[in-house]
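Coordinates in review
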Amino acid sequence: MPSYEALVILRQMPRQEVITTLKRTAEAIFSKGGFIRKLDNLGHRTLPFRVFEHGIIHKTGTAFNITFDSPSKVVFDLNEEYGRDVDIVRSNIFKAEEPVKIKCTLQEELQPPAYRKGVIRMLRIARKGQKEKYPLNTGLNYYPFQK
Amino acid sequence: MFLRTFLRPIIMHQNRREFLRFSSSVAEASSSESTESSIDESDLPVRMENPFRKERVQCVLCKHQISPDYKNVKLLSQFQSPFTGRIYGRHITGLCKKMQRKVEQEIVKAQKSVLMGTVTKDVQFFKDPKLFDPEKPIRPHKY
Ligand SMILES: [Zn+2]
C-alpha cells in the first residue's frame, strides 16, 4: 500500500458544510479500503486564478491536504468521485514523497565546456559519424583507397 | 641599523667558510658521511593537501539541504518571475540540474492544485529576499 497525498480545495461555504464535505471525502477513502495518516488544513485562501467548476466561477476556497495509504487502483476511483463532487473545486492526488537527497553537481556544471561530461559525450558521438580520412602524402601518384 | 642588516650576511658567510675549512682539515675521510647525517628531518618538504584548493561549489538548496515541496508556495514563488509568473531557467537561478528539475516539477504540481499562479506571482511574496538577480545570469542568454 503506497502512500498518497490528496490536495483538495473546497468551495467557499459555511463551517458546518465544510465539515460534512470533508467527512464525505475522508469516508470515500475508508470505503475503498484505504486509511488516513494525516489531515492538514492549509487554510482559507483566495485562489491565484479563477476556476470554473460545476457551473460556477470560484475565486476563494479552503485547501486540505490528506495523507493516506491505499491500494494503487483506488486512486483512479477517488479522482473520479472527487471530480463529481459539487463542493470540491479542484482535487489532485500525488504520491507522497520523502525529502530529496541530491548530491550537488553544480561544481561539474560550472566547468568550461571541454571539461563537461555531456559535452565530451556529444563530441564522441559526433566523431563517430565522421568518415575516416587518410593523409594524401603517401608518395604514390594515385590515391590508394577507394574514394 | 643599516650597517647591521647589510653586514650580517657577510659575517655569516665568513663564519661558514671558516667552519668548512675547519671541518675539512679535521675529518676529511668522514666528510661525506657527516653531511648526510647532518640533514635536519624537520626541514624536509612535507606531503600535505593543497592548502589553496577552493571549496566545492554548491547551489542554494543543496547547501542548506532544502527539499522543494508543492505545499511550500512561499519558497517556490521565489523562482517565479514577478512579471509573467514563468519559472526562471537554470542559468538565472544558479541551481544544479537535478534541483532545478525538482523545483520545476513541484511548481507545476502547485499550479495544478491551484496553490500558485501560472501567469502571476502572488503579491504578498513580492518583497521576499532575492536568491538571484535575473539581470545577471550565470550564462548569457539570447534575451
Ligand atoms: Zn545542488
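Scroll up to find the structure.
About the criteria used
Residues numbered from 1 in each chain as written. Chains lettered and ligands numbered in written order. Predicted model: local features only at pLDDT ≥ 70, side-chain atom pairs only at ≥ 80, totals over all residues. Heavy atoms only, no water. Salt bridge = Lys/Arg side-chain N within 4 Å of Asp/Glu carboxyl O. Helix = DSSP H or I, 4+ residues; strand = E, 2+ residues; numbered from the N terminus. Buried < 20%, exposed > 50% of the residue type's maximum accessible area, 1.4 Å probe, protein only. Axes fitted to C-alpha atoms, helices over the stretch in contact; angles between N-to-C directions. Parallel < 35°, antiparallel > 145°, perpendicular 65-115°, else oblique. Left-handed = near helix turned anticlockwise from the far one by under 90°. Contact = heavy atoms within 4.5 Å. Nonpolar A, V, L, I, M, F, W, Y, C, P; charged D, E, K, R; others polar.

1. Observations regarding the pattern of salt bridges
This structure, assessed with the given rule, holds 17 salt bridges over all chains. Salt-bridge contacts for Glu 81 of chain A lead to Lys 32 of chain A; the nearest nitrogen and oxygen are separated by 2.6 Å. Highlighted residues: Glu 81 of chain A in helix 2 (residues 74-84) and Lys 32 of chain A in the loop between helix 1 (15-31) and strand 2 (35-53), separated in sequence by 49 residues. A relative accessible area of 25% places Lys 32 of chain A in the partly exposed class. Among the ionic pairs, Lys 71 of chain B bridges to Asp 69 of chain B, the shortest N-O distance being 3.6 Å. For Lys 71 of chain B, a relative accessible area of 27% corresponds to the partly exposed category. Each of Arg 11, Arg 24, Asp 85 and Asp 87 of chain A takes part in a single network of salt bridges with overlapping partners.

2. A look at the packing of helix 1 of chain A against helix 2 of chain A
Residue and element names in this part refer to chain A. Remark: helix 1 packs on helix 2, axes separated minimally by 11 Å, with the N-to-C direction vectors making an angle of 155°. As judged from the angle between their axes, helix 1 and helix 2 are roughly antiparallel. When you trace helix 1 past helix 2, the crossing you get is right-handed. Packed against helix 1, whose contacting residues are Thr 25, Ala 28 and Ile 29, the element helix 2 presents Leu 78, Glu 81 and Tyr 82 at the interface. Considering only residue class, the contact of helix 1 with helix 2 consists of four nonpolar, one polar and one charged.

The analysis is restricted to geometry; functional conclusions fall outside its scope.
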